[in-house]
Amino acid sequence: MPTRARSAETANTHPTGVIAEETPFADFTDIAGFVALPRITALALSPDGKRLVAAVQRPDANGSKYVSALWEVDPEGLAEPRRLTFSVKGESAPRFAPDGALLFTSARPDTEGEQNGSANNGQSHTAIWRLREHGEARVVADAPGGLGIAGVAADGRLLATGSVVAGGSSDTDAEARKRRKDRGVTAILHTGMPIRYWDHEINDTSPRLNLVDPVADGKAGPLTDLATDADTVSLLNATADLSPDGRTVATTWTRRDRRGETGTSLVLIDTARRRRKVLLRGTSAHGYAGPSFSPDGSTLAVTRVTGSTPTDTSYDFLELHPVAGGEPVAVEVGDLTIGEYVWAPDGQTLYVTGDLHSRGAILAVDPATGRVRKTIADDAVYSSLHAAADGRYLYALRSTIDTPPTPVRLTVRRVGEPRRLPAPGWVAGVPGTLEWVDTDVAGIRVGGWLCTPKGASARRPAPLMLWIHGGPHGSYNSWSWRWSPWLAVARGYAVLMPDPAMSTGYGHAGLNRGWPRLPDVVWHEVETLTDHVLQRKSLDHTRTALLGASFGGFMTNWIAGHSTRFKAIVTHAGLYALDQQHPTTDAAAHKVRVHRTPDDLPEWYAKYSPHHHAAKIRTPMLLTHGSRDYRVPISEALRLWWDLVSGFDGKPQDLPHRFLQFTSENHWVLSPSNSRVWNETVLGFVDQHALGKNALPDTVFDW
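The shown structure was predicted, so the numbers you read here are calculated from the model rather than taken from an experiment.

Participant: Explain the overall build of the protein chain to me, using residue names and the numbers behind them.
Facilitator: Secondary structure assignment for the protein chain yields 13 helices and 38 strands. For 703 residues, the compact-globule estimate of 2.2 N^0.38 gives 27 Å, and the C-alpha radius of gyration of the protein chain, at 26 Å, lies within 12% of that figure. When the backbone C-alpha atoms are referred to their principal axes, the protein chain occupies close to 70 × 60 × 60 Å. Counting across all 703 residues of the protein chain, residues that qualify as buried make up 54%. Considering only intrachain contacts with a sequence separation of at least 6, the fraction spanning at least 24 residues in the protein chain is 56%. Summing over all exposed atoms, the protein chain offers an accessible surface of approximately 30100 Å²; the carbon and sulfur share of this is 49%. Distance between charge centroids for the protein chain: 1 Å, based on 74 positive and 77 negative side chains.

Below is the structure:
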C-alpha cells in the first residue's frame, strides 16, 4: 500500500525510536495515504504521572490488518514521542504496574518461553507482558486461549481475562484445544441463547477471570481461575475490576433466562476463597456494567442499564454503590450520555466523560452527593481518561469532527484550553470548513455538522452528501477513520451529518424521541434540516446523495422506497427485511422484545420494514456488507440485492445498482486494504450517479 514520503515508521531511529520530524498529513485525495495514517487508540499513565504511553495502530507491510505498537509520549508536551515496541505481531492494551513497569498484551513469540514457563513460544494467542523503563519485555502470564488485563492491585497482582474450551478446565485446556484443532472439529452444541456476538460464534469456549500473582522478572506467574463454574455466557463480554488490595473482584455475571432473555448482575468474588456473592441482581428489565473500585476499595462506580421496551428505549444510569452494601448514590449527569469514568487518586472526585450536544464533555462529580462540581471540558469527545496522582492534570484522547484522537493534558483546577501532546499521526488540517447548523422541527432544534469544501460558492455550488448515523443511539461528534467526511470534501462534496431523534448526548428524552426506531420520525427531522441547508446558494440541491450504515443503512433502505430526491444511495450493513433480521441478529432477544413479530404488529412491519417498499425504489443503490456481520446478517443485503436485480426490467448490463461484499469483514470494514476499496468504491459510485463521471470498474482489482 502506498504511504506518504515520510512516515512515523521511517522517521524512527531504532532502538530509541525517537521521531525528530514528521510531515503532517494534508492530502485527503490520497485515500491510501489516509488509510495508512497512524491512529492512537489508548493511553496509559504511570502511577507517579511521569510517563504516558500510547497504543498506535498502523497497517502491516501488506495492508491486510492494523498492528499496534506502544509509544512514549511526554506528559509535559516538550519532548518528541518515542517508540517502545517493535514486534511484527504488535502490542496493545498498555497499563502500568504499581512499581512503574509497563504492562501490555501481545501475541509476539516469547524467545525465553522454555525457560520462564510461558506457553507463548511461537503461538498466536496473546500473553501479558511486562516492560521496565530499561530492559527487555518479559512474559507475566500466559494461557492457551490468550489473556487480557482487567485490573491491577496495589501489590502487583493482576486480574486477567481468558477462556477455556467449553466443558473443560484450565488444567486440560491446552490439550483440548490441540485435540480440536488436530481433528478439525468445528461443531458447537448449542444449549440456549445467545449463540453469536458481533463477528464470532460463542458457546464453544467459556470466558474466565484469573488472578495472576506477582513474580520476579523473567518468569510467568501462576493463574488462579476465580470462576471455575462459569458457563459459556456467565462472563460473556464481562466488565470487571480488581480492588486496590487485591482481595475482591467486581464483575458482571450473566445468566440465561426464559424465552431467550438474559440477565446481567454484578457480583463480588473473594480472591482468596474464590467465593462469589451477588451485590446487584440483574434481570431482563435492567442490568449492570462497568464496575470501577474507588481508590480505598469501599465504593463501586457502576452503570445500570435498563432494558428496552416497545415504549421506552434503554437508558444508562451512573450509580455509586457501597461494597459493603447500603443505599447507592445516583450521579446526575444531565444530558450527557455516559461514555467512561475514572476516579481521582484521592477518591474525592469521579471524572465522567461522554457525548453531549453533538460534542462531548468531561464532568467532575462529587462522589458523596452525585452532583457535578464543574465541567472540565465540553468542546470535544474525550476518551482513555487518566487522572494524575497529584490531582493537577487529566490526560485523555481528544477528538472532534476535524481532529483525530490526540493525546492532551487538561488542568483540573483552572479550566482552559487542553494542551496537545506531540504524538504520531497528526493532521495538518482538513480540506474544508466545519460548521454547526440547526433548524426548528415541530418546536425541537435539530442540528448537525456541515462540512463544506473550499471554493464552494453560488457560481460553483458543491454537491451534497447526506449521512445518517447508526445506532440509532449514536452521534456525529468526533473523528471517524471508517467514515471520514473529509475524503468526500476533498473530492468537492459538502457533507451533512445530522443528529436527529434517538441521538446520544441529548438526555433520555432525546434517546426516546422516535422510539421504537420509527424511520418516518427520523426522516422528517433529517429532511427538514437538509432542506434548510440546501437553501444556501453554495450547495447544489440537484446533485445530492444519501449514505448510511447499520441503523443508518436501515434508514437509507427505507428512504429509497419513499423518496426519489437523491441521485445515489449507499447503504452499508443495513436492515432490510425486519421479519428476517430481528430473530436472526445476535441481539435477537432485544429486537423481538421491542418489536414483537409481524403476527403481533402487522401494521408496524408493513409500514416500516423496507422490503415492503422495494418496488418503489428508483434510485441507483450501492450495497456494502461484510459476510461475518452477525449484528446485521448478510442475508439482509442478499435479500435486498435479489429484489433490486430481479425487479430490474432493463438489460443486465444496464443495471444501475452494485453490491460490494467483504467476505472477511464484520459489521465494520476494518482492514486497511478493504477500507481503501470501500472508500474508493463508495466515492466512485456517487461520482458516477451524482456527477455523471466515468463508471465504476467491473471489479475492485481494476483500481
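Participant: With reference to specific residues and values, describe the sheet that holds strand β28 (residues 393–400).
Facilitator: Picture the strands of a sheet paired through backbone hydrogen bonds; they go either parallel or antiparallel. Spatially, 4 strands are ordered β27-β28-β29-β30 in an open sheet, and the strand pairing comes out antiparallel. The two strands at the open ends of the sheet, each matched to only one other strand, are β27 (381–387) and β30 (419–420). Taken together, the 7 bridges between β28 and strand β29 (residues 403–411) define a ladder with antiparallel strand orientation. Along β29, the bridge assignment pairs R398 with T406.

Participant: Account for the side chain of D586, naming residues and giving values.
Facilitator: Locating D586 in the fold gives a position in the loop between α9 (578–584) and α10 (588–595). Among residues more than four places away in sequence, those in contact with D586 are R196, Y197, W198, Y630 and R631.

Participant: Can you explain the sheet that holds strand β20 (residues 299–306)? Please cite residues and give values.
Facilitator: Taken in spatial order, the 4 strands make up an open sheet running β19-β20-β21-β22, and their pairing is antiparallel. One side of each edge strand has no neighbouring strand; the edge strands of this open sheet are β19 (286–293) and β22 (329–330).

Participant: Which residues make up helix α13 (residues 672–691), and what are the values?
Facilitator: Along an α-helix, a turn takes 3.6 residues, which lines up residues three or four apart on a common side. Taking 1.5 Å of rise per residue, the 20 residues of α13 would be expected to cover 28 Å, and the 27 Å separating its terminal C-alpha atoms lies within 8% of that figure. Judged by how many residues are buried, α13 sits mostly within the fold: 15 of 20 residues are covered. Phi turns positive one or two residues past the end of α13, at G692, with a value near 75 degrees.

Participant: For the environment of S384, give the residues involved together with the corresponding values.
Facilitator: For S384, the location among the structural elements is in strand β27. Each C-alpha atom of the pair S384 and E340 lies 8.1 Å from the other, and the pair is 44 residues apart in sequence. Setting aside residues up to four positions removed in sequence, S384 forms contacts with A42, L43, E340, Y395, A396 and L397. In terms of polar contacts, S384 uses its side chain to reach the backbone amide nitrogen of L43, at 2.8 Å.

Participant: Describe the pairing of strand β16 (residues 248–256), naming the residues involved and giving the relevant values.
Facilitator: Bridge count between strand β15 (residues 240–242) and β16: 3 bridges; the pairing is antiparallel. Counted as the bridge partner of A240 is T251 from β16. In this structure, the hairpin formed by β15 and β16 is closed by a connection of 5 residues, where G246 is found at a positive phi of approximately 75 degrees. Where β16 meets strand β17 (residues 262–270), 9 bridges bridge the pair, whose relative direction is antiparallel.

Participant: Tell me what's going on with unusual backbone geometry, and back it up with residues and numbers.
Facilitator: Note that the residue after M193, namely P194, is joined by a cis bond; omega there is 0 degrees. Of note, P194 is situated in the loop between α4 (173–183) and β11 (196–197). Residue P472 follows G471 across a cis peptide bond; omega there is 5 degrees. As for its position among the elements, P472 is in the loop between β33 (462–468) and α5 (485–489). Positive phi, close to 50 degrees, is recorded for A93, a residue that is not glycine. The residue W198 is not glycine, and still its phi comes out positive at about 60 degrees. Relative to the helices and strands, W198 resides in the loop between β11 and β12 (200–201). Residue class for W198 comes out buried when judged on its relative accessible area of 18%.

Participant: Report on the confidence of the model for the protein chain, specifying residues and quantitative values.
Facilitator: In the predicted model, the protein chain carries a mean pLDDT of 93, and 94% of its residues have values of at least 70. Across residues 1–21, where pLDDT falls below 50, the model places 56 contacts with residues more than four positions away in sequence or in other chains.

Participant: Hey, could you go over the nonpolar core for me, with residue numbers and the actual values?
Facilitator: Core analysis: the largest hydrophobic core is formed by 45 residues, its most contacted members being L450, L496, W523, M555, I559 and M621. Those elements giving two or more residues to this core turn out to be β33, β34 (494–499), α7 (519–533), β35 (539–549), α8 (551–560), α11 (602–608), β37 (621–626) and α12 (635–646). Ranked by residue count, the leading element in this core is α8, at 6 residues. Leaving out residues up to four positions away in the same chain, M621 has contacts with N557, A560, I569, T571, L640, L644, H657, R658 and F685.

Participant: Go over the side chain of R208 with me, naming the residues and quoting the values.
Facilitator: Of note, R208 is situated in strand β13 (residues 205–212). Judged by its relative accessible area of 5%, R208 falls in the buried class. One polar contact links the side chain of R208 to the main-chain carbonyl oxygen of T228, over a distance of 3.2 Å. For R208, the residues in contact, after removing those within four places along its chain, are A160, T161, G162, S163, V164, G168, D225, A227, T228, A230 and L235.

Participant: Explain the packing of aromatic side chains to me, and be specific about the residues and the numbers.
Facilitator: Given two aromatic rings, their pairing is described by the distance between the two centres and the angle made by the two planes. Per the counting criterion, the structure on display carries 18 aromatic pairs. With centroids separated by 5.4 Å and ring planes inclined at 45 degrees, the aromatic side chains of F34 and W481 adopt a geometry described as tilted. Placement of the pair is F34 in helix α2 (residues 31–35) and W481 in the loop between β33 and α5, with a sequence separation of 447 residues. Here F34 matches W481 in class, with each residue buried. Ring geometry for W479 against W481: centres 5.6 Å apart, planes inclined by 70 degrees, an arrangement best described as edge-to-face. Accessibility classification places W479 together with W481 in one group, the buried group. Here the aromatic residues F25, F28, F34, W479 and W481 are joined through ring pairs into a cluster of three or more.

Participant: With reference to specific residues and values, describe the pairing of β27.
Facilitator: Within β27, 5 of the 7 residues are buried, which leaves the element mostly enclosed by the surrounding structure. Relative to β28, β27 is paired through 5 bridges, and the arrangement is antiparallel. Among the inter-strand pairings, A387 is bridged to a residue of β28, identified as L394. Counted along the chain from β27 to the antiparallel partner β28, the turn is 5 residues long, and its residue G391 has a positive phi close to 80 degrees.

Rules used in this analysis
- Residues numbered from 1 in each chain as written.
- Predicted model: local features only at pLDDT ≥ 70, side-chain atom pairs only at ≥ 80, totals over all residues.
- Heavy atoms only, no water.
- Helix = DSSP H or I, 4+ residues; strand = E, 2+ residues; numbered from the N terminus.
- Rg over C-alpha atoms; globule rule 2.2 N^0.38 Å.
- Buried < 20%, exposed > 50% of the residue type's maximum accessible area, 1.4 Å probe, protein only.
- Contact = heavy atoms within 4.5 Å.
- Areas by Shrake-Rupley, 256 points an atom, 1.4 Å probe, with all protein chains shown as cover.
- Lys, Arg positive; Asp, Glu negative; His and termini not counted.
- Charge placed at Lys NZ, Arg CZ, Asp CG, Glu CD.
- Pairing = 2+ DSSP bridges.
- Expected span 1.5 Å × (residues − 1).
- Polar contact = N/O pair within 3.5 Å; in protein donor to acceptor, adjacent residues only side chain to side chain.
- pLDDT = per-residue confidence, 0-100.
- Core = buried A, V, L, I, M, F, W, Y, C linked by side-chain atoms within 4.5 Å.
- Phe/Tyr/Trp six-rings, centres within 6.5 Å; stacked < 30°, edge-to-face > 60°.

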